[in-house]
Amino acid sequence: MRALRYKFWRSCEDKGNAGGESEGTGGNEGESSDQFDHEIVQLTKLRSGPHERLSRETPKVSRASSVSTLKMLAGREANCSGRGRFSTADGCHVLSRYLPVNTPVEVDNTRSRAYVSQFSADGSLFIAGFQGSHIRIYNVEKDWQVHKNILAKSLRWTITDTCLSPDQRFLVYASLSPIVHIVDVGSSTTESLANVTEIHDGLDFSSYDNEDDDEFGIFSIKFSTDGRELVAATSDDSIYVYDLQANTRTLHIPAHQADVNTVCFADETGHVIYSGSDDHLCKVWDRRCFNDRGQAAAGVLVGHLEGVTFIDSRGDGRYLISNGKDQTTKLWDIRKMTSNATNYPRIRDPDWDYRWMEYPPHAKTMKHPRDMSLTTYSGHSVLRTLIRCYFSPEYSTGRKYIFTGSSDCCVYIYDLVSGAQVGCLDYHEGPVRDVSWHPVYPMLVSSSWDGRIAKWEFPGPDEELNPSAVIRKKRTIRQHFLY
């Protein structure tokens, strides 16, 4: 019986080699000259690569290469791995082939710029924050019905960030104010009008003994994994930590020499924090090392030529990515950080302002002489606003991709290992400030300054199964957006 199954698998394999499904997302990874030699390359391949038996017994296919879905299914039926089922890496290898690049479906269309968006951890909810003082929570499992429509309180300029608690019971939202508000997501109230139909408790990140301390705004806010703390990045060059159980601010770190645009916890322990600033630096903070003599950074990551707009942690306390106003995304290993950046001068044009000026052409070829990043991804545009970037989901892709919004109205997807651009999603008519990938399904949602929330999925039966296809539509005349 096993011999018959193996014969069937080899027959399917031969048919698969004859044509049909694409063999890769950005070229043959094992032979790419653009690869960088680092531990994360092997980690990515282990988490998203096919079983070695499939690679070994498939002619001209190495462990690093892509094995077609047909071959994977036939190999599973033949029990080539000896387990009788797909491993987690096998599942990632299959799912990661089908990028969410299908013709988009419009989830919502408002008259207000969309600034932030995110899926919940289980993918059942989707949150979008708009400049027009409102936040919408959609129920993904009920055909994207509005689960809660929140009218924000004490808003200054726009919703700068939102974050859902790990247990999905509470949502916090921030603006250019030191007050963060918290909303009960699980309540029965659909129309949540601040302090009218529902209480939006305020969490004060300012200091009562400093009259000037209430002038700062909050650009980024994140829950800790246990849901007990919030960490915030602010316009007064600082990082703040708020204890929700004690209902008080517990930590103030004078972190940078310019606006801190982004902050996040490095892993589930909550001890280590990453931050990025307009001083062009990414910094690593270990709270266990703080003492009475100061709160020095554990290390500094140098490489961006302009300010850092966003940081996303891989969740392992070791790797992170950052978007920069130098029009690049960089991948970092904190083990390469330096302890001091005072001798690293800023390399920039002092007259350039990303909010309304194009990036100087000559600067696109510049590189920091002491760049500590592992590799750099370019092609997207980081102008007008704080564009965000992320690792693709662990469950469905093994974090083998990096994706980012862009001020040229598109969403870009890069292969983490090869650096190849494997997707460019063109639909919006304004900068795409934020984008979120469903944690389980091949589904991506983009939110733009054109007020549209658009859902992208993997190609359907009427479309070519080619995840490396770049989707391009006729470009329309677009309004020149300002921050």
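Residues numbered from 1 in each chain as written. Predicted model: local features only at pLDDT ≥ 70, side-chain atom pairs only at ≥ 80, totals over all residues. Heavy atoms only, no water.

### A word on the packing of aromatic side chains
Under the definition given, this model contains 16 aromatic pairs. Among the aromatic residues, those joined into a ring-pair cluster are Phe 310, Tyr 390, Tyr 401, Phe 403 and Trp 437. Directly above the aromatic system of Trp 449 lies the positively charged group of Arg 113, at a separation of 4.1 Å from the ring centroid. Above the face of the Tyr 354 ring, Lys 325 is positioned so that its terminal group lies 3.9 Å from the ring centre. (Phe/Tyr/Trp six-rings, centres within 6.5 Å; stacked < 30°, edge-to-face > 60°. Lys NZ or Arg CZ within 6 Å of the ring centre and 35° of its normal.)

### Let's talk about the environment of His 256
Of note, His 256 is situated in the loop between strand S14 (248–254) and strand S15 (260–265). Owing to a relative accessible area of 8%, His 256 belongs among the buried residues under this scheme. Between the alpha carbons of His 256 and Asp 236 there is a distance of 8.9 Å; along the sequence they are 20 residues apart. Once you skip the residues sitting within four places of it in the chain, His 256 turns out to touch Asp 237, Ser 275, Gly 276, Ser 277, Asp 279, Leu 281 and Lys 283. (Helix = DSSP H or I, 4+ residues; strand = E, 2+ residues; numbered from the N terminus. Buried < 20%, exposed > 50% of the residue type's maximum accessible area, 1.4 Å probe, protein only. Contact = heavy atoms within 4.5 Å.)

### Some words on the environment of Thr 160
If you trace the backbone, Thr 160 turns up in the loop between strand S5 (145–151) and strand S6 (161–164). Put simply, Thr 160 and Ser 175 are 15 residues apart on the chain and 4.8 Å apart in space, counted from C-alpha to C-alpha. Setting aside anything within four residues of it in sequence, one finds Thr 160 in contact with Val 116, Ala 174, Ser 175, Leu 176, Ile 218, Phe 219, Arg 388 and Arg 433. Polar contacts involving the side chain of Thr 160 include one to the main-chain carbonyl oxygen of Ile 218, which spans 2.6 Å. (Polar contact = N/O pair within 3.5 Å; in protein donor to acceptor, adjacent residues only side chain to side chain.)

### Re the pairing of strand S28 (residues 443–448)
S28 sits mainly inside the fold: six of its six residues count as buried. Burial along S28 is two-sided: Met 443, Val 445 and Ser 447 facing one way and Leu 444, Ser 446 and Ser 448 facing the other are all buried. Examined bridge by bridge, strand S27 (residues 432–437) and S28 share five bridges and lie antiparallel to one another. Each bridged residue has a counterpart across the sheet, and for Ser 436 the counterpart in S28 is Val 445. (Pairing = 2+ DSSP bridges.)

### Quick notes on unusual backbone geometry
Phi is mostly negative for residues that are not glycine, and the peptide bonds are mostly trans. Phi is positive for Asp 143, which is not a glycine, with a value near 55°. Here Asp 143 lies in the loop between strand S4 (134–139) and S5. Despite not being glycine, Gln 168 has its phi angle at roughly 65°, a positive value. With respect to the element layout, Gln 168 can be found in the loop between S6 and strand S7 (170–174). For Gln 168, a relative accessible area of 18% gives the class buried.

### Remarks on the UniProt feature "repeat: WD" (unreviewed entry) in the chain
Per the UniProt record, "repeat: WD" (unreviewed entry) is found at residues 218–252, 253–286, 301–342 and 425–457. When the span residues 218–252 is considered, its composition is 0% helix and 66% strand, and the gap between its end C-alpha atoms is 13 Å. For residues 425–457, the end-to-end C-alpha separation is 11 Å, with 0% helix and 61% strand making up the annotated structure. (UniProt positions renumbered as here; feature names shortened; annotations may be inferred.)

### Considering the confidence of the model for the chain
Confidence in the prediction of the chain, expressed as mean pLDDT, is 84, and 80% of residues score 70 or more. A low-confidence stretch, residues 57–64 stays under pLDDT 50, and its non-local contacts, those more than four residues away or across chains, total 22 contacts. Segment residues 464–483: pLDDT under 50, and 64 contacts once partners within four positions in sequence are set aside and those in other chains are kept. (pLDDT = per-residue confidence, 0-100.)

### Topic: the packing of helix H2 (residues 39–48) against helix H5 (residues 88–95)
Across the interface, H2 lies against H5 with an axial gap of 6 Å and an inter-helix angle of 90°. With respect to H5, the axis of H2 lies roughly perpendicular. In this structure, H2 uses Leu 46, Arg 47 and Ser 48 to contact H5, whose residues at the interface are Thr 88, Ala 89, Cys 92 and His 93. A per-class count over the contact of H2 with H5 returns three nonpolar, three polar and one charged. (Axes fitted to C-alpha atoms, helices over the stretch in contact; angles between N-to-C directions. Parallel < 35°, antiparallel > 145°, perpendicular 65-115°, else oblique. Nonpolar A, V, L, I, M, F, W, Y, C, P; charged D, E, K, R; others polar.)

### Examining the pattern of salt bridges
Between side chains of opposite charge, a pair can form when the charged atoms approach closely. As enumerated under the stated definition, the model contains 20 salt bridges in all. For the salt bridge of Glu 39 with Arg 318, the shortest nitrogen-to-oxygen distance reads 3.2 Å. Of the two residues, Glu 39 is situated in helix H2 and Arg 318 in the loop between strand S19 (308–313) and strand S20 (319–324); the sequence distance between them amounts to 279 residues. In this structure Glu 39 comes out as partly exposed when scored by relative accessible area, which is 36%. Of the charged contacts in the structure, one is a salt bridge between Asp 278 and Lys 325, with a shortest N-O distance of 2.7 Å. Note that Asp 278 is positioned in the loop between strand S16 (272–277) and strand S17 (282–286) and Lys 325 in the loop between S20 and strand S21 (328–333), a separation of 47 residues in sequence. Residue classification places Lys 325 among the buried residues on the basis of a relative accessible area of 8%. What emerges from the salt-bridge pattern is a single network uniting Glu 39, Arg 318, Asp 333 and Arg 335. (Salt bridge = Lys/Arg side-chain N within 4 Å of Asp/Glu carboxyl O.)

### Thoughts on the sheet that holds strand S10 (residues 201–204)
Read across the open sheet, the four strands follow the order S6-S7-S8-S10; overall the sheet is antiparallel. This sheet does not close on itself; its edge strands, each paired only once, are S6 and S10. On average, each strand axis in the sheet is inclined to that of its neighbour by 25°, with strand direction left out of account. Where S7 and strand S8 (residues 179–184) come together, four bridges link them in antiparallel fashion. Bridge pairing in S8 places Tyr 173 opposite His 181.

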